Amino acid sequence: MKKITLLYDELESETVEDKILPAFGHHLKLKIPFKTDLTIEIERDELVVTYLSDTQLKEFLPIAIEKGWCLGFLPHPDMPNALQGMGVDSKLSEALDHILESETTMKIDVLMANGLPVFNTLVAGESISLISGAMEESQWRVRWEKVKSFFRLFKNLRAQNYIIRVEDDKEGREEIDTAALGVITVLHRKSALLTRKVLEESFINDGMMHVLILAPRSLFGLIDFGIKSFLRTAKSKVLPPHVSHIKTTKIILESPEPINYSADDKLMSAKGIELEVLPKILNIVPGKHLLVTDEVKNNEVFKVHKLPKGEIKEGLLAHPLPLIDHASTEEFKWLFTILRENAKASSSYKVLMVLSTLIATFGLFGNSSPVIIGAMILAPLMSPIISLSMGVLRQNEPLIKESLKAIIIGMLLGYLCALIITWMTPLNVYNNEITSRIRPNLLDLGIAVGSGVAGAYAHAKREVAKTLAGVAIAVALVPPLAVSGIGLGWMDLTVFIGAFLLLVTNLAGMVLAAALTFLLLGYSPVKLARKGLLISLIIVMTISAPLAFGFNQMVKENRIIQKLSGHEIDGKVLREVNVRSIDPLKISLRVVSDTPLDETELAQLKEDIERYLDAEIELEVAVGIIL
């Protein structure tokens, strides 16, 4: 028969008398209130069931290990960390039944931090531990203080210099000098929300600890880390960005500055933290939810290649965490070299500009979309535009001047080619490809923004640099350039002004979007970028006024088309509705009827449509007769 010695908190005597003692019944051998100078004379391997707080358990644990007793745990109101770390059921009745029914015991590991046991989690780094309220008496005040601390820390998040020494029996000692927001250490994955989402195989009896080093390089990186870590639903072997993982038996964390850390929610500070796993040193009745394994694999993990080093580390230590990641010197030099070359109006650039405009102009006159698309892919204008966006972002005058020079030369060559072809071509008809580019609206600005983002991203990322640059120019600059050149050749201000507005819209939208993309990719500090971005934004907002008007006109046209299409008047069905203009309102449509319509019936149809739309119209009608 199982014999139990109960060690309990005197402050919880009422619960002990009312719930625990009746449940143990004849199994109870002794009941002993916990005291600091506790002495218990019982045999090795005997079962001691504790009803103690986290603080009391930490005092008692070394005694239990020394005496070799087997421990069972009941959920005390003030033992949240041992409850989580030992996998104990939070319901007292369930935990009592589990201890009485369980026939198995097992030896587990104990994590020690500077000689003190850690039941659940050790978090180093004030920015991550959020422990300003950890010493409050009530749990709700602890949580509230942590929430407030979290938002305060976002104002001045700063990485700390960590020197990480890992003891390895095979490889000797590994030392890492890095910058990180904090370090989380657990024995098994269920100890913390982050480790539950990130770690795969981790058990309390495998002789290993897990050390997660959190080193985001920006606030956006921290937010990205949070989303990918905390909101992931499926297990993944890939660590979230900015997280490094060490699985080992012993590790030392040191720093030039004192390390503020939380061991099971208790605030501490030290110049160094020595973490060590004491393998299979404590004999327990395993908790109902505890992760254990029969096959112990002492495989160490050392995934630290993401940790900041060198220049990046020094930058993180010198300033608060920036809003966005800063590109490394190597990345910046590589990109800037390319952009300086792309900003030049080379002979190849000029030849391609002439050829692409020739092809686009012929395609416009021929009303051929495939030919125009080919001209877009061939056009070289994207390169100096992206260079201009970087110059605007970093206020680099030589790059701005060189880029503008190349863009202006390319546009002048384009206009010259479009004019010559227009004068040589005996065609003076608005077709679909031409008319679609003389009424720009906010949708065109959206296309320009997308093109600018794609172009900047393609230039910044080596792996996609050769695949997106051609796509980014699509429906961007050369076709409206050619259409405005055709308008000049025809001396038609409507065509010229409309297409030129689309051209300027695309240029301004792409520069602003590309500059913002480079900013988010970390190629400029925000302070340096403010002036250029503000000027670009003012230009785009100025252009947006006529674009908003054009968009409003398009919305009105679509509403009229939707309202009239399929509408039936006296047995006559309206089809193929098209709005020629809004002011005055000119509409063309086809009327499907059983009989031909005379002038009186057509006049009546016009009156009926005006009454239905509540507006005067000019009507162009084609009649279709059903036979």
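Residues numbered from 1 in each chain as written. Predicted model: local features only at pLDDT ≥ 70, side-chain atom pairs only at ≥ 80, totals over all residues. Heavy atoms only, no water.

J.: What's the story with the overall build of the protein chain in this structure? I'm lost.
T.: Helices and strands together make up the secondary structure of the protein chain, namely 21 helices and 19 strands. Burial analysis of the protein chain (627 residues in total) assigns 50% to the buried set. Of all intrachain contacts in the protein chain linking residues separated by at least 6 positions in sequence, the fraction that spans at least 24 positions is 73%. (Helix = DSSP H or I, 4+ residues; strand = E, 2+ residues; numbered from the N terminus. Buried < 20%, exposed > 50% of the residue type's maximum accessible area, 1.4 Å probe, protein only. Contact = heavy atoms within 4.5 Å.)

J.: What should I look at first to understand the pattern of salt bridges in this one?
T.: Counted by the stated rule, this structure contains 15 salt bridges. Its salt-bridge partner being lysine 31, residue glutamate 17 comes within 2.8 Å of it at the nearest N-O pair. Within this pair, whereas glutamate 17 is found in helix H1 (residues 13-24), its partner lysine 31 is found in strand S2 (residues 28-33), the two being separated by 14 residues in sequence. Exposure remark for glutamate 17: the relative accessible area of 41% places this residue in the partly exposed category. Across the pair glutamate 94 and lysine 288 runs a salt bridge whose closest N-O atoms are separated by 3.5 Å. Of the two residues, glutamate 94 sits in helix H4 (residues 92-101) while lysine 288 sits in the loop between strand S14 (266-284) and strand S15 (301-303), which places them 194 residues apart along the sequence. Connected via shared salt-bridge partners are Asp89, Glu94 and Lys288. (Salt bridge = Lys/Arg side-chain N within 4 Å of Asp/Glu carboxyl O.)

J.: Could you clarify how one ought to interpret the packing of helix H20 (residues 526-564) against helix H21 (residues 599-613) in this entry?
T.: If you want to describe how two helices pack, look at the angle between their axes and the distance between the axes. For the pair H20 and H21, interaxial distance at closest approach is 12 Å and the crossing angle is 120°. The angle between the axes of H20 and H21 places the two elements in the oblique class. Where H20 crosses over H21, the two elements pack in a sense that is right-handed. Where H20 approaches H21, its residues Ile560, Lys563 and Leu564 are matched on the opposing element by Ile609, Tyr612 and Leu613. Residues of the contact of H20 with H21, tallied by class, amount to five nonpolar, no polar and one charged. (Axes fitted to C-alpha atoms, helices over the stretch in contact; angles between N-to-C directions. Parallel < 35°, antiparallel > 145°, perpendicular 65-115°, else oblique. Left-handed = near helix turned anticlockwise from the far one by under 90°. Nonpolar A, V, L, I, M, F, W, Y, C, P; charged D, E, K, R; others polar.)

J.: Is there a simple way to explain the nonpolar core in this structure?
T.: Among soluble globular proteins, nonpolar side chains are generally buried collectively. Counting residues in each nonpolar core, the largest one holds 74 residues, and the members touching the most others are Phe60 and Leu74. Ignoring anything within four residues of it in the chain, the contact list for phenylalanine 60 reads Leu7, Phe34, Leu38, Val48, Thr50, Leu52, Trp69 and Leu71. With 60 residues, the next largest nonpolar core counts Leu393, Val495, Ala529 and Leu547 among its residues. (Core = buried A, V, L, I, M, F, W, Y, C linked by side-chain atoms within 4.5 Å.)

J.: What is the right way to look at the sheet that holds strand S17 (residues 572-581) in this model?
T.: Sheet strands pair by backbone hydrogen bonding; their relative direction is either parallel or antiparallel. The strand order S16-S17-S18-S19 describes an open sheet built from four strands, whose pairing is mixed. In this open sheet, the two edge strands, each paired with only one partner strand, are strand S16 (568-569) and strand S19 (618-625). Bridging between S16 and S17 involves two bridges; their strand directions are antiparallel. In the strand pairing of S17, glutamate 568 is matched with valine 573. In this fold H20 packs onto S17 and strand S18 (586-593), with an angle of close to 170° to the strand it touches most, S17. (Pairing = 2+ DSSP bridges.)

J.: What's the story with the pairing of S2 in this structure? I'm lost.
T.: As a general feature of sheets, a regular strand has side chains that alternate between the two faces. Judged from the five bridges that link them, strand S1 (residues 4-8) and S2 form a sheet pairing that is parallel. Bridge pairing links tyrosine 8 to proline 33 in S2. Considered for its hand, the β-α-β crossover made up of S1, H1 and S2 is right-handed. (Right-handed = clockwise from strand over helix to strand, strands pointing away.)

J.: How should I be thinking about H1 in this particular structure?
T.: Turn by turn, an α-helix covers 3.6 residues, leaving residues three or four places apart pointing in a common direction. The complete set of buried residues in H1 reads Val16, Ile20, Leu21 and Phe24. Angularly, the buried residues of H1 cover 95° about the axis, an arc narrow enough to put them on a single face. Exposed and oriented more than 90 degrees from the buried face of H1 are Glu14, Asp18, Lys19 and Pro22. Its buried side turned inward, H1 meets S1, S2, strand S3 (47-51) and H4. Following H1 by one or two positions, glycine 25 has its phi on the positive side, about 55°. (Arc of directions from axis to C-beta.)

J.: Can you walk me through unusual backbone geometry in this structure?
T.: Even without a glycine there, the phi angle at glutamate 576 is positive, about 50°. Mapped onto the secondary structure, glutamate 576 falls in strand S17. The backbone of aspartate 614 sits at a positive phi, close to 55°, despite the residue not being glycine. In this fold, aspartate 614 is placed in the loop between H21 and S19. For aspartate 614, a relative accessible area of 71% puts it in the exposed group.

J.: Just to check I follow, could you spell out a nonpolar patch on the surface for this structure?
T.: On the surface, a cluster of nonpolar side chains totalling about 400 Å² of accessible area is made up of Val351, Leu352, Leu355, Ile359, Val371 and Leu378. Broken down by secondary-structure element, the contributors of at least two residues to the nonpolar patch are helix H11 (347-365) and helix H12 (369-378). In terms of residue count, the dominant contributor to the nonpolar patch is H11 (four residues). Structurally, leucine 352 is set in helix H11. Given the relative accessible area of 31%, leucine 352 is considered partly exposed. (Patch = residues over 30% accessible without salt bridge, like charges linked within 9 Å, V, L, I, M, F, W, Y side chains within 5 Å. Areas by Shrake-Rupley, 256 points an atom, 1.4 Å probe, with all protein chains shown as cover.)

J.: How do you make sense of the packing of helix H13 (residues 382-394) against H20 when you look at a structure like this?
T.: At their nearest, the axes of H13 and H20 sit 6 Å apart, and the two run at 125° to each other. Between H13 and H20, the angle falls in the class oblique. On H20, the residues that touch Val392, Leu393 and Arg394 of H13 are Leu528, Ala529, Gly532, Leu533 and Ser536.

J.: So what exactly am I meant to see when it comes to the packing of aromatic side chains here?
T.: Two measures describe an aromatic ring pair: the distance that separates the ring centres and the angle between the ring planes. All chains considered together, the criterion is met by seven aromatic pairs. Plain terms: the ring middles of phenylalanine 332 and phenylalanine 336 are 4.9 Å apart, the flat faces sit at 25° to each other, and that makes the pair stacked. Of this pair, phenylalanine 332 and phenylalanine 336 are both found in helix H10 (residues 329-342), four residues apart, which corresponds to roughly one turn of the helix. Judged by its relative accessible area of 22%, phenylalanine 332 is partly exposed. (Phe/Tyr/Trp six-rings, centres within 6.5 Å; stacked < 30°, edge-to-face > 60°.)

J.: Looking at this structure, how should I read the pairing of strand S11 (residues 209-214)?
T.: The buried fraction of S11 amounts to six of the six residues, a majority that puts the element mostly inside the structure. Residues Met209, Val211 and Ile213 point to one face of S11 and His210, Leu212 and Leu214 to the other, with burial holding for every one of them. One ladder, built from five bridges, connects strand S10 (residues 182-186) with S11; its direction is antiparallel. Bridge assignment links valine 186 to a residue of S11, and that residue is histidine 210. Where S11 meets strand S12 (residues 243-248), six bridges bridge the pair, whose relative direction is antiparallel. Note that in S12 the partner of leucine 212 across the bridge is histidine 245.

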